[in-house]
Each structure stands twice: as structure tokens, then as C-alpha cells.
Amino acid sequence: PDNNDVAVDDEPKEATQIDGHLEGMELLATITYTMPDAYRTQSRVVMNDMTMNMVTYVKGDHFRYESDDPITGVRTINIFNADQEVTYYFKEGESVGSMYNEAGMDDYDDEYDWDEITLAELVAEDGDEFVTAQMVDLDGRPAVYIEMMYDYGDGSKEISRYWYSPTYPIMYRFEAI
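In every chain, residue numbers begin from 1 and rise along the written sequence. In keeping with the predicted nature of the model, local features appear solely for residues at pLDDT of at least 70, side-chain atom pairs appear and are counted solely at 80 or more, and the whole-chain, interface and lining totals rest on all residues. To get the side-chain values, all heavy atoms of the structure are used, and hydrogens and water are removed first.

**Q** Please explain the overall build of the protein as it appears in this structure.
**A** Secondary structure elements are defined from DSSP: runs of H or I of at least 4 residues count as helices, runs of E of at least 2 residues count as strands, and each element is numbered from the N terminus. A count of helical and extended segments in the protein gives 3 helices and 11 strands. Shown N-terminal to C-terminal, the secondary structure of the protein runs as helices and strands in the order β-α-β-β-β-β-β-β-α-α-β-β-β-β. Classification of the 177 residues of the protein by burial places 38% in the buried group. Within the protein, residue pairs in contact and separated by at least 24 positions form 38% of the contacts whose partners lie at least 6 positions apart. Each accessible area is a Shrake-Rupley estimate made with a 1.4 Å probe; only the visible protein chains count as cover when residues are assessed. Carbon and sulfur atoms provide 47% of the accessible area of the protein, an area that totals close to 10300 Å². Here the term buried applies to any residue with accessible area under 20% of the maximum for its type, exposed to any over 50%, and partly exposed to those in between, with areas from a 1.4 Å probe on protein chains only. By definition, residues are in contact when any of their heavy atoms lie within 4.5 Å.

What follows is the structure in C-alpha cells.
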């Protein structure tokens, strides 16, 4: 499977109609999201010359998150059981893991009301300096490319690049340089 794959198990949502000529905040102001009840994403995060692959499965309030440690190659798995309000954590191949109580997806869901926020509002709340946004092709699919700059105040700056689905609030890829 593609490292930026998104599968949604709900009824397919009609593709968001986006004017490909728009750029910047004008483009982001036209994009609003609705969270699907169930989905799976595969993402790749590139940071400090390291790449981490992640897979997230969500169904209702339950989720499973898998990531490969870019240094050791060991896959860690977190499973949140909403009914028990417990997260299980373990490393693939090990027979013992850990379990802890946690709010889980409720914290994430309450952070943003996806039905009432545009991508422009979300970016503005981030606090970093907005650089650009445009529609691009990412591995054969449309994506919203956003570039932000963070000034550390000591003369150093970091550029963050994000590629989002235009239909769901799912990040396909992230890079920090």
C-alpha cells in the first residue's frame, strides 16, 4: 500500500469541490471538513533526515495507532478501547506491554469541531507564520499543500510542510526542515 493511503469506511463522501486556481488563505477558507465514523490512514513523517511511517485506524471512539521507530525499526502499537477508557501500548514482537487509563479520542475530538471550522481558521490558530497554501498532486491524488514557518527567536527558523486530504481532516504527509 501507498505510504499516504487513506481509506474511509463510511459511505463515500462527495469530493470537495475546490477551485484549483485559488491559493493561500483564500484557498484554505473554502475547505471545511466532516470526520468520518471509520477510517484508516497511512502517513509518512520526515523530520531531521529521519522518516517515520504511521498507520492509524479509527472506528467511532476506538483507535489503533502504529508507528515504526526510524532508528530501531521497531513498530510500536497503541490501542485505545473507548468502552474501557484504556490504552494498550506494546512493541511488536514483545510479549509484555502496558496499559493505562486515558481520555483517548474524546480529547482529540473536542479539540476541533470539524463541522464548524475551515482549514484557514485551523492554520490561523496554529501560531506559526503562514507562508503558502495550494492544491498539488501528491502521489497521484489531490492534496492541499500548506507551508508554515516557525521562528525560534534565537535566529533559527523551521519550515513545516503539510499535505492534507481536501476531503477529510487527515494529513497525508508532514516535513520539518
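Picking up after the structure, the text goes on.
**Q** Got a minute to help me understand the pattern of salt bridges in this structure?
**A** Close approach of charged atoms allows side chains of opposite charge to pair. When a carboxyl oxygen of Asp or Glu is within 4 Å of a side-chain nitrogen of Lys or Arg, the pair counts as a salt bridge. Applying the stated criterion to the full structure yields 6 salt bridges. In this structure, Glu-66 and Arg-64 form a salt bridge, with 2.5 Å as the shortest nitrogen-oxygen distance. With relative accessibility at 28%, the residue Arg-64 sits in the partly exposed group. Arg-75 is the salt-bridge partner of Glu-66, the closest N and O atoms lying 2.4 Å from each other. The pair Glu-66 / Arg-75 is uniform in exposure class, with both members buried. Linked by salt bridges that have partners in common, Arg-64, Glu-66, Asp-68 and Arg-75 make up one network.

**Q** I'm lost on the environment of Ala-176 in this one. Help?
**A** The topology assignment puts Ala-176 in strand S11 (residues 171-176). Between the alpha carbons of Ala-176 and Tyr-150 there is a distance of 10.0 Å; along the sequence they are 26 residues apart. When residues no more than four places from it in sequence are discounted, the contact partners of Ala-176 are Val-46, Met-47, Asn-48, Glu-158, Ile-159 and Ser-160.

**Q** What is the right way to look at the side chain of Glu-147 in this model?
**A** Tracing the backbone shows Glu-147 in strand S9 (residues 141-151). Judged by its relative accessible area of 13%, Glu-147 falls in the buried class. Once residues within four sequence positions are removed from consideration, Glu-147 is found in contact with Glu-129, Phe-130, Val-131, Thr-132, Ile-159, Ser-160 and Arg-161.

**Q** Quick question: what am I supposed to make of the packing of aromatic side chains here?
**A** Ring pairs (aromatic) are described by centroid distance and by the angle formed between their planes. Ring pairs are drawn from Phe, Tyr and Trp, using the six-membered ring of Trp, whenever the two centres fall within 6.5 Å, and their geometry is named by plane angle: stacked under 30 degrees, edge-to-face over 60, tilted for the rest. Following the criterion strictly, the structure yields 5 aromatic pairs and no others. Aromatic side chains Tyr-162 and Phe-174 sit 5.0 Å apart centroid to centroid with 45° between the ring planes, which places their arrangement in the tilted category. In this pair, Tyr-162 is assigned in strand S10 (residues 157-164) and Phe-174 in strand S11, connecting sequence segments 12 residues apart. An identical accessibility class is assigned to Tyr-162 and Phe-174; each is buried. Through successive ring pairs, a cluster of aromatic residues spans Tyr-162, Tyr-164 and Phe-174. One cation-aromatic arrangement involves Arg-173 over Trp-163; the distance from NZ or CZ to the ring centre is 5.7 Å. The rule for a charge over a ring is simple: NZ of Lys or CZ of Arg within 6 Å of the ring centre, and within 35 degrees of the ring normal.

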